[in-house]
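Observations on the model geometry
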Amino acid sequence: MLRMIDGDRQFDEMRWQLVPRWETAFTTKLSTINAKSETVFESRLYKSLIVRQRCIVPLSGFFEWKKDGTTKRPFKIQLRDGAIMSVAAVWDTWHYGTPDERRSFSILTTAANDFMREIHDRMPVILGAADLDEWLDPETHEQDVLQKLMKSSPSAWLTSSEVSTLVNSPKNNTAEVLK
């Protein structure tokens, strides 16, 4: 993840699924892979993180499943120009200052734009290049400013392709899932 540390951008490895600092082990039964941008300011878990601990998740794309009757068809969504997308997220540290210290994050989601609505009703918050500095700036605390950043990206940014149902299992960690 990309975050600001002492005024400098820094990449760090973190676990995807935010583990609250109050958990006794570095695991949680909570559903914290994603956080709804519309409710983060009211959430006990996310309201302090959204104003002080934001990061960017660099992705080449993401998978989403389109309901088609009783089946679901998997799609890979990526930026039309093939660039790496910058997805908004929040992070936290579990057992800060101890030898067990670990970091984890949740991706922020928002309502789907017109393009994504054909596949799913939600999507990650994909930040434009002009928004990256403000998103990472630890001096940006105002809810109205942050809410303006947590919006659906323009539909024109995105493209998709249907992929193999092999993507339905994390055991299938091969290029075959993209066929």
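Look a little higher up for the structure.
Right, let's walk through the structure included here.

Some words on the pattern of salt bridges
Counting across every chain of the model gives 9 salt bridges. Note that Arg3 is salt-bridged to Asp12, the shortest N-O span being 2.4 Å. On the accessibility criterion, Arg3 (4% relative accessible area) is buried. Assessed through its relative accessible area of 18%, Asp12 is described here as buried. Between Asp68 and Arg73 there is a salt bridge, with the nearest N and O atoms lying 3.2 Å from each other. Arg73 gets classed as partly exposed once you look at its relative accessible area, which sits at 25%. Through salt bridges with shared partners, a single network forms among Asp68, Arg73 and Glu162.

Regarding the environment of Ser106
Along the chain, Ser106 falls in strand β9 (residues 102-111). Looking at Ser106, the relative accessible area reads 0%, which means it is buried. Sequence separation between Ser106 and Ser31 is 75 residues, and the spatial gap between their C-alpha atoms is 9.6 Å. Beyond its immediate stretch of four places on either side in the chain, Ser106 contacts Leu18, Thr32, Ile33, Asn34, Ala35, Tyr46, Ala89 and Val90. Here the side chain of Ser106 touches Tyr46 through a polar contact of 3.0 Å, side chain to side chain.

Brief notes about the side chain of Asn113
The residue Asn113 is located in the loop between β9 and α2 (114-117) in this model. Residue classification places Asn113 among the buried positions, given a relative accessible area of 6%. Within polar-contact distance, the side chain of Asn113 engages the backbone nitrogen of Phe115 at 3.2 Å. Not counting residues up to four positions away in its chain, the partners in contact with Asn113 are Met123, Ser152, Ser153, Pro154, Ser155 and Leu158.

Regarding the sheet that holds strand β7 (residues 71-79)
The strand order across the open sheet built from 3 strands is β6-β7-β12, with neighbouring strands paired in antiparallel fashion. Here the strands that pair on one side only, and so sit at the sheet edges, are β6 (62-68) and β12 (158-162). The average undirected angle you get between the axes of adjacent strands in this sheet is 35 degrees. Where β7 lies against β12, 5 bridges are found, and the strand directions are antiparallel. Looking at β12, one finds that Lys76 is bridged to Ser161.

What counts, and at which threshold
- Residues numbered from 1 in each chain as written.
- Predicted model: local features only at pLDDT ≥ 70, side-chain atom pairs only at ≥ 80, totals over all residues.
- Heavy atoms only, no water.
- Salt bridge = Lys/Arg side-chain N within 4 Å of Asp/Glu carboxyl O.
- Buried < 20%, exposed > 50% of the residue type's maximum accessible area, 1.4 Å probe, protein only.
- Helix = DSSP H or I, 4+ residues; strand = E, 2+ residues; numbered from the N terminus.
- Contact = heavy atoms within 4.5 Å.
- Polar contact = N/O pair within 3.5 Å; in protein donor to acceptor, adjacent residues only side chain to side chain.
- Pairing = 2+ DSSP bridges.
- Axes fitted to C-alpha atoms, helices over the stretch in contact; angles between N-to-C directions.

What is shown is where atoms sit, not what they do.
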